[in-house]
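Fold and geometry: a report
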Amino acid sequence: QVQLVESGGGLVQAGGSLRLSCAASGRTFSNYAMGWFRQAPGKEREFVAAITWSGGSSRYADGVKGRFTISRDNAKNTVYLQMNSLKPEDTAVYYCAVPSVNFVLPIQTTQVRYWGQGTQVTVSS
């Protein structure tokens with residue numbers, strides 16, 4: 001059974017940093033692209049960042065470019081999201097995502113096969 005378990009969320013002041021982790025179990029995703037999405041209250045789930053299986057290429061939503069960095073450690077079957085210069089508008093539940101097609105960067109929810117349970121990030125002003 002595939003499980004994606006996020007951790008690292010919490011409450012932080014604006015301008016602060018958090019590092020999210022997503023550990024996969026049940027199978028290896030070392031040959032899959034992976035990504036992060038987020039969902040704020042009353043809003044649709046939206047793309048944040050994605051990374052290729054090798055870690056050699058990544059893509060970001062416009063609103064997080066230059067502030068967030070996605071990375072991965074295939075030996076640990078784990079993907080990370082380093083979030084710096086956090087803003088109140090970054091407040092959301094953050095979800096780890098694995099696509100249905102391994103080489104496709106998951107930038108739309110329809111491309112995702114597996115979701116984590118989510119971790120809450122709250123940024124106070």
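These numbers were taken from a predicted model, which means no experiment stands behind them.

About the criteria used
Residue numbers restart at each chain and count upward from 1, following the sequence in its written direction. Two thresholds apply to this predicted model, a pLDDT of at least 70 for residue-level local features and 80 or more for giving and counting side-chain atom pairs, whereas whole-chain, interface and lining totals are computed over all residues. The basis for every side-chain value is the complete set of heavy atoms in the structure, and neither hydrogens nor water enter the calculation. Criterion for a disulfide: a pair of cysteine sulfur atoms at a distance within 2.5 Å. Helix numbering and strand numbering both begin at the N terminus, where a helix is a DSSP run of H or I of at least 4 residues and a strand a DSSP run of E of at least 2. For every residue, the accessible area (1.4 Å probe, protein chains only) is compared with the maximum for its type, and the residue is labelled buried under 20%, exposed over 50%, or partly exposed between those bounds. We call two strands paired when DSSP finds no fewer than two bridges between them. Here, a salt bridge means any side-chain nitrogen of Lys or Arg that lies within 4 Å of a carboxyl oxygen of Asp or Glu.

Time to look at the state of the cysteines. Here a disulfide denotes a covalent bond joining the sulfur atom of one cysteine to the sulfur atom of another. For the structure shown, the criterion picks out one disulfide. Note on cysteine connectivity: cysteine 22 is disulfide-linked to cysteine 96, with sulfurs 2.1 Å apart. For the disulfide bridge between cysteine 22 and cysteine 96, the dihedral angle about the S-S bond is near -80°, and by the sign convention the bridge is left-handed. One end of the pair, cysteine 22, is in strand E3 (residues 18-25); the other, cysteine 96, is in strand E9 (residues 92-99), with 74 residues separating them in the sequence.

Attention now moves to the pairing of strand E11 (residues 119-124). Residues Thr119, Val121 and Val123 point to one face of E11 and are all buried, whereas Gln120, Thr122 and Ser124, pointing to the other face, are not buried. Of the strand pairs in this sheet, strand E2 (residues 10-13) and E11 are connected by four bridges, and their pairing is parallel. The residue bridging leucine 11 from the neighbouring strand is threonine 122, located in E11. Inspection of the sheet shows E9 paired to E11 by three bridges, in the antiparallel sense. Residue pairing across strands places tyrosine 94 opposite threonine 119, the latter belonging to E11.

Counted by the stated rule, this structure contains four salt bridges. The closest approach of N and O atoms between aspartate 90 and arginine 38, which form a salt bridge, is 2.9 Å. You can see aspartate 90 sitting in the loop between strand E8 (78-83) and E9 and its partner arginine 38 sitting in strand E4 (residues 34-39), a full 52 residues away along the chain. Classification of arginine 38 as buried rests on a relative accessible area of 9%. The closest approach of N and O atoms between aspartate 90 and arginine 67, which form a salt bridge, is 2.7 Å. With aspartate 90 in the loop between E8 and E9 and arginine 67 in the loop between strand E6 (58-60) and strand E7 (68-73), this pair connects stretches of sequence that are 23 residues apart. You can call aspartate 90 buried: its relative accessible area is 1%. Its relative accessible area of 11% is what places arginine 67 among the buried residues. Taken together, the salt bridges that share partners define one network made up of Arg38, Glu46, Arg67 and Asp90.

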